[in-house]
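Take a look at the letters that make up each chain.
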Amino acid sequence: MTPVAPRALLAAAALWLAACGDASWDGVDEAVVRRVAEDAGRHDTGPLFAGLQGDLLLFAFLWAGLLSGFALGYFSRVLFVERAGQPAEKPGGDGLRAD
């Protein structure tokens, strides 16, 4: 590609976005899930975490993921490294066993 082609693609994308600026960009929840739920006779019960909105909800899920990842990583050593009642050996080839 020549350097002109990326500029032309960028200009075309900018024009397309400008033309679609007033369009409704419904997400999957509005476009599919809500319609299928209404067809099945179900109604909206509201958000599960009503007090958390916007970035605060993302921050809460970030911390939940970090804490659960730490817990899974920490406690997985019991399954893969240590045996019951026996602490893990020093890292390296000397303390590893194949049984």
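Every chain's residues receive numbers from 1 upward, in the order its sequence appears when written. Local features in a predicted model are, by the rule used here, given only for residues with pLDDT of at least 70; side-chain atom pairs are given and counted only at 80 or more, and totals for whole chains, interfaces and linings are based on all residues. Values shown for side chains rest on all heavy atoms present in the structure; no hydrogens or waters enter the calculation.

Participant: Would you mind showing me how to read the overall build of the protein chain here?
Facilitator: A run of H or I in DSSP becomes a helix once it reaches four residues, and a run of E becomes a strand once it reaches two; helices and strands are each numbered from the N terminus. If you tally the helices and strands in the protein chain, you get three helices and zero strands. Each helix and strand of the protein chain, placed in order from N terminus to C terminus, yields the pattern α-α-α. Here the accessible surface of atoms and residues is derived via Shrake-Rupley with a 1.4 Å probe, and residues count as covered only by protein chains that are part of the display. Element-wise, carbon and sulfur atoms account for 66% of the exposed surface of the protein chain, whose accessible area totals about 9200 Å².

Participant: Sorry, what's going on with a nonpolar patch on the surface here?
Facilitator: Residues enter patches when their relative accessible area tops 30% and they take part in no salt bridge; the joining distance is 9 Å for like charges and 5 Å for the nonpolar side chains Val, Leu, Ile, Met, Phe, Trp and Tyr. Any carboxyl oxygen of Asp or Glu that lies within 4 Å of a side-chain nitrogen of Lys or Arg is treated as forming a salt bridge with it. A cluster of nonpolar residues, Leu 56, Phe 59, Leu 62, Trp 63, Leu 66 and Leu 67, forms a patch on the protein surface that exposes about 610 Å² of accessible area. Here Leu 67 shows up in helix 3 (residues 55–80). Partly exposed residues are those whose accessible area sits between 20% and 50% of the maximum for their type, while under 20% is buried and over 50% is exposed, using a 1.4 Å probe and protein chains only. Judged by relative accessible area, Leu 67 falls into the exposed class, the value being 53%.

Participant: What should I look at first to understand helix 2 (residues 28–39) in this one?
Facilitator: Note: α-helices contain 3.6 residues per turn, so residues at a spacing of three or four share the same orientation. Residue count minus one, scaled by 1.5 Å, sets the expected span of a helix. Here helix 2 contains twelve residues, and its C-alpha end-to-end distance of 16 Å stays within 8% of the 16 Å for a straight helix at 1.5 Å per residue. Downstream of helix 2 by one or two residues, Gly 41 has phi in the positive range, about 85°.

Participant: Which parts of the structure should I look at to understand the confidence of the model for the protein chain?
Facilitator: Predicted coordinates in areas of low pLDDT are best not read in detail. pLDDT expresses how confident the predictor is about each individual residue, on a scale running from 0 to 100. Of the residues in the protein chain, 73% have a pLDDT of 70 or more, and the chain-wide mean is 76. Within the protein chain, helix 3 carries the highest mean pLDDT (88), whereas helix 1 (residues 4–19) carries the lowest (78).

Participant: It is not clear to me how the packing of aromatic side chains should be interpreted in this structure. Could you clarify?
Facilitator: The geometry of an aromatic ring pair is captured by the separation of the ring centres together with the interplanar angle, meaning the angle of the planes. Aromatic contacts are taken between Phe, Tyr and Trp rings whose centres are within 6.5 Å, Trp giving its six-membered ring; a plane angle under 30 degrees counts as stacked, one over 60 as edge-to-face, and the others as tilted. Counted according to the given criterion, the structure contains three aromatic pairs. Between Phe 59 and Trp 63 the ring centres are 6.3 Å apart and the planes differ by 75°, which places this aromatic pair in the edge-to-face class. Of this pair, Phe 59 and Trp 63 both sit in helix 3, four residues apart, which is roughly one turn of the helix. Residue classification places Phe 59 among the partly exposed residues on the basis of a relative accessible area of 46%. Each member of the aromatic cluster is reached from another via a ring pair, and the members are Phe 70, Tyr 74 and Phe 75.

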